[in-house]
Amino acid sequence: DTGVSQDPRHKITKRGQNVTFRCDPISEHNRLYWYRQTLGQGPEFLTYFQNEAQLEKSRLLSDRFSAERPKGSFSTLEIQRTEQGDSAMYLCASSLALSSRNEQFFGPGTRLTVL
Amino acid sequence: AQSVTQLGSHVSVSEGALVLLRCNYSSSVPPYLFWYVQYPNQGLQLLLKYTTGATLVKGINGFEAEFKKSETSFHLTKPSAHMSDAAEYFCAVSDADTDKLIFGTGTRLQVFP
């Protein structure tokens, strides 16, 4: 068990560029979550997957954001036409959903800076 | 809808003093409650959680929290602060169906020598 990993750890981009982040969950975990954390705030839920199905998207996830989890393994989060307001830490978490109320394990996050 | 309120965005204590970080929740169903710690530029680490059963929950690094339904609170305490406890602490409640976490705004703990 190597834990949840995220890549890259840091990304600096210019406004208007596209960026993609990757999350590798703990191998047997079937649920994967994305959260966004801005400076001085708690993480906010963006979206989650159960296996390869995206089951819920927050209204925070504008049309410029898209997430995928092909084959129910790793996940990618893409932001198109980045804006300065997208600057944040993007956190990924995974869990093994056996019943209800399952514990999530977090990755180290990807810090995005949009210039 | 579920929500979490953390009172006090900053708490400062002296090394060796009691740490008390406050969390109140709102939930229409029996809540599952969590405390996470975040060190600078790192992800979240679970300190402790309340699911069912015993209302006094012990976690890592000497922290504990007590679930008080009548007060809708889940305050985090540690009897004696250590310099290494300086970090950001988040209280969270989980959604019953999706397990998604709803976080408070966090409390930054500073520990002075």
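Attention in this report is confined to the structure presented alongside it. Computed from a predicted structure; not experimentally measured.

The rules we used
- Numbering of residues starts from 1 in each chain and follows the order in which that chain's sequence is written.
- By the order in which they are written, chains take letters starting at A while ligands take numbers starting at 1.
- Thresholds applied to this predicted model are a pLDDT of at least 70 for local features of residues and 80 or more for the giving and counting of side-chain atom pairs; totals over whole chains, interfaces and linings are not thresholded and use all residues.
- For side-chain calculations, the full set of non-hydrogen atoms in the structure is used, while hydrogens and water are omitted.
- Helix numbering and strand numbering both begin at the N terminus, where a helix is a DSSP run of H or I of at least 4 residues and a strand a DSSP run of E of at least 2.
- Radius of gyration here uses only the C-alpha atoms, and the compact-globule reference equals 2.2 Å multiplied by the residue count raised to the power 0.38.
- Only protein chains enter the area calculation, which uses a 1.4 Å probe; residues under 20% of their type maximum are buried, those over 50% are exposed, and those in between are partly exposed.
- Contacts are residue-level and defined by heavy atoms, with any inter-residue pair within 4.5 Å sufficient.
- Surface accessibility in these figures is a Shrake-Rupley result with a 1.4 Å probe; residues are shielded only by whichever protein chains are displayed.
- Residues counted as positive are Lys and Arg, residues counted as negative are Asp and Glu, and His and the chain ends are not counted.
- The atom standing in for a charge is NZ when the residue is Lys, CZ when it is Arg, CG when it is Asp and CD when it is Glu.
- Salt bridge, as used here, is a side-chain nitrogen of Lys or Arg placed within 4 Å of a carboxyl oxygen of Asp or Glu.
- Between 30 and 60 degrees the pair is tilted, below 30 it is stacked and above 60 it is edge-to-face, where a pair is any two Phe, Tyr or Trp rings, Trp via its six-membered ring, whose centres lie within 6.5 Å.
- Any N or O atom pair separated by 3.5 Å or less is treated as a polar contact, with the protein-specific requirement of one donor-capable and one acceptor-capable atom, and with residues adjacent in sequence counted only for side-chain atom pairs.
- Two strands qualify as a pair provided that DSSP identifies no fewer than 2 bridges between them.
- The convention used is that axes are lines fitted to C-alpha atoms, helices contributing only their stretch in contact, and that angles between N-to-C directions extend from 0 to 180 degrees.

When its secondary structure is counted, chain B shows zero helices and twelve strands. Here the C-alpha radius of gyration of chain B, 13 Å, is about what a compact globule of 113 residues would show, namely 13 Å. Taken over 113 residues, chain B has a buried fraction of 47%. For chain B, long-range pairs separated by at least 24 residues make up 55% of all intrachain contacts whose partners lie at least 6 apart in sequence. In the structure as shown, chain B presents an accessible area of about 5300 Å², 53% of it carried by carbon and sulfur atoms. Put simply, chain B has 8 plus and 9 minus side-chain charges, and the middle of one group is 2 Å from the middle of the other.

Moving on, we come to the pattern of salt bridges. Counted by the stated rule, this structure contains nine salt bridges over all chains. For glutamate 103 of chain A, the salt bridge identified is with lysine 49 of chain B, shortest N-O distance 3.1 Å. Here glutamate 103 of chain A is found in the loop between strand E9 (88-95) and strand E10 (105-106), whereas its partner lysine 49 of chain B is found in strand E6 (residues 44-50) on a different chain. Owing to a relative accessible area of 21%, glutamate 103 of chain A belongs among the partly exposed residues under this scheme. Lysine 58 of chain B is paired through a salt bridge with glutamate 64 of chain B; the nearest N and O atoms lie 2.8 Å apart. One network of salt bridges, with partners in common, ties together Arg64, Glu83 and Asp86 of chain A.

Moving on to the packing of aromatic side chains. Across all of its chains, the model carries 16 aromatic pairs over all chains by this definition. Measuring from centroid to centroid gives 5.4 Å for phenylalanine 106 of chain A and tyrosine 36 of chain B, while their planes differ by 80°, and the two rings are edge-to-face. Here tyrosine 36 of chain B lies in strand E5 (residues 33-38) and phenylalanine 106 of chain A lies in strand E10, a pairing that spans two chains. With respect to class, phenylalanine 106 of chain A is no different from tyrosine 36 of chain B; both count as buried. Here a set of aromatic residues connected by ring pairs shows up, and it is made of Tyr33, Tyr35, Phe45, Tyr48 and Phe106 of chain A together with Phe34, Tyr36, Phe90 and Phe103 of chain B.

Okay, the side chain of glutamine 6 of chain B next. All names here are of chain B. Relative to the helices and strands, glutamine 6 resides in the loop between strand E1 (3-5) and strand E2 (10-14). Relative accessible area serves as the criterion here: at 8%, glutamine 6 is assigned to the buried category. A distance of 3.1 Å separates a polar atom in the side chain of glutamine 6 from the backbone oxygen of tyrosine 89. Of the polar contacts made by the side chain of glutamine 6, one reaches the backbone nitrogen of cysteine 91; its length is 3.0 Å. When sequence neighbours within four positions are dropped, the list of residues in contact with glutamine 6 reads Arg22, Trp35, Tyr89, Phe90, Cys91, Gly104, Thr105, Gly106 and Thr107.

Moving on to the environment of histidine 10 of chain A. Along the chain, histidine 10 of chain A falls in strand E2 (residues 10-13). It is 4.7 Å that separates the C-alpha atoms of histidine 10 of chain A and arginine 111 of chain A, two residues lying 101 residues apart in sequence.

Time to look at the side chain of aspartate 99 of chain B. Checked against the element boundaries, aspartate 99 of chain B lands in the loop between strand E10 (87-94) and strand E11 (101-103). Within the local environment of aspartate 99 of chain B, its side chain forms a polar contact with the side chain of arginine 31 of chain A, the two groups lying 3.1 Å apart.

Residue and element names in this part refer to chain A. A sheet is described by the order of its strands in space; here four strands give the open sequence E1-E3-E8-E7, paired in antiparallel fashion. Strand pairing shows two members of the sheet lacking a second neighbour, strand E1 (5-7) and strand E7 (65-68), which therefore form its edges. Recorded for the sheet is a direction-independent mean angle of 15° between the axes of neighbouring strands.

Nothing here speaks to function; it is all geometry.
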